[in-house]
Amino acid sequence: RQRKQFGTAIGKFQVLQHRMVDMFMEHEQSISMTYMATLKLDEDEVTRKKAVSAAKVRIGQAGRFVGQESIQIHGGMGMTEELAVGHYFKRLTMMNSEYGNVDH
């Protein structure tokens, strides 16, 4: 809404709209995985562990994708301290490395 390029808000460009839809879909899939893992908490231990692990992996992948795409959309300003997106992406990267990511 705020950032403009060529005199037009960047949200009006169709390519960026497609990127934002992909980001929204990743977000929605993360929510669905959270619900699925929550519903499996009453199951046996093996099923519960698989569901929670799958949710953790999917949410981590989605978070990384959304963070990277957000920074790409905002360009070089995405990693500066002016915008919160860079701060949140750095925090997400630290949480992934601290609590494990798809590689661990």
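Source: prediction; values computed, not measured.

Here we look at the overall build of the chain
Along the backbone of the chain there are 3 helices and 2 strands. In terms of overall dimensions, the chain is more spread out than a globule: its C-alpha atoms have a radius of gyration of 17 Å, far above the 13 Å expected for 104 residues. On the principal axes, the C-alpha backbone points of the chain span a range of 55 × 25 × 20 Å. By residue count, 21% of the 104 residues in the chain fall in the buried class. When contacts within the chain are restricted to residue pairs at least 6 apart in sequence, those whose partners lie at least 24 apart make up 52%. Distance between charge centres in the chain, computed from 14 positive and 12 negative side chains, equals 6 Å.

Side note on the packing of helix H1 (residues 14–39) against helix H2 (residues 45–74)
Contact geometry of H1 with H2 gives a least axis separation of 9 Å together with a crossing angle of 160°. One element, H1, and the other, H2, form an angle in the roughly antiparallel class. Considering the relative orientation of H1 and H2, their crossing is left-handed. When its residues are assigned to classes, the contact of H1 with H2 shows 15 nonpolar, 5 polar and 5 charged.

Overview of the pattern of salt bridges
Using the criterion set out here, one finds 3 salt bridges in the structure. Among the salt bridges present, the one from Glu-26 reaches Arg-58, with a minimum N-O distance of 2.5 Å. Of this pair, Glu-26 sits in helix H1 while Arg-58 sits in helix H2, placing them 32 residues apart in sequence. The shortest N-O distance in the salt bridge between Lys-49 and Glu-45 comes to 3.1 Å. A residue pair is termed a helical-turn pair when its members lie 3 or 4 positions apart in one helix, as Lys-49 and Glu-45 do in helix H2 at 4 residues. With relative accessibility at 45%, the residue Glu-45 sits in the partly exposed group.

Regarding helix H3 (residues 84–99)
Its 16 residues place the ends of H3 22 Å apart at the C-alpha level, agreeing with the 22 Å of an ideal helix rising 1.5 Å per residue. All buried positions along H3 are accounted for by Val-85, Gly-86, Phe-89 and Asn-96. Buried residues in H3, looked at end-on, bunch into an arc of 100°, giving them a common side. Those residues of H3 that are exposed and angled more than 90 degrees off the buried face are Tyr-88, Met-94, Glu-98 and Tyr-99. Where H3 is buried, its residues touch H2. Gly-100, located one to two residues past H3, shows a positive phi value of around 100°.

Calculation criteria
- Numbering of residues starts from 1 in every chain and runs along the sequence as written.
- Totals for whole chains, interfaces and linings use every residue, but because this is a predicted model, local features are given only for residues with pLDDT of at least 70 and side-chain atom pairs only at 80 or more, for both listing and counting.
- Note that the side-chain values use all heavy atoms of the structure and ignore hydrogens as well as water.
- By the criteria applied, helices consist of DSSP H or I runs no shorter than four residues and strands consist of E runs no shorter than two, each listed in order from the N terminus.
- For the radius of gyration, the atom set is restricted to C-alpha positions; the globular benchmark scales as 2.2 Å times the number of residues to the power 0.38.
- Residue burial is assigned from relative accessible area. The probe radius is 1.4 Å, only protein chains are included, and a residue is buried under 20% of its type maximum, exposed over 50%, and partly exposed in between.
- Working rule for contacts: check all heavy atoms of both residues, and any pair within 4.5 Å makes them a contact.
- Here the positive residues are Lys and Arg and the negative ones are Asp and Glu; neither His nor the chain ends is included.
- Working definition for charges: the position is that of NZ of Lys, CZ of Arg, CG of Asp or CD of Glu.
- Working convention: axes come from line fits to C-alpha atoms, limited for helices to the stretch in contact. Angles between N-to-C directions cover 0 to 180 degrees.
- When describing relative orientation, an angle under 35 degrees is termed roughly parallel and one over 145 degrees roughly antiparallel, while 65 to 115 degrees is termed roughly perpendicular and anything else oblique.
- Note on convention: near helix rotated counterclockwise from far helix by under a right angle means a left-handed crossing. Clockwise means right-handed.
- Lys, Arg, Asp and Glu make up the charged group, whereas Ala, Val, Leu, Ile, Met, Phe, Trp, Tyr, Cys and Pro make up the nonpolar group; the residues left over, Gly among them, are polar.
- Between Lys or Arg on one side and Asp or Glu on the other, a salt bridge is scored when a side-chain nitrogen of the former is within 4 Å of a carboxyl oxygen of the latter.
- Any helix carries an expected span of 1.5 Å times its number of residues minus one.
- The arc under discussion is defined with respect to the helix axis, by the directions toward the C-beta atoms.

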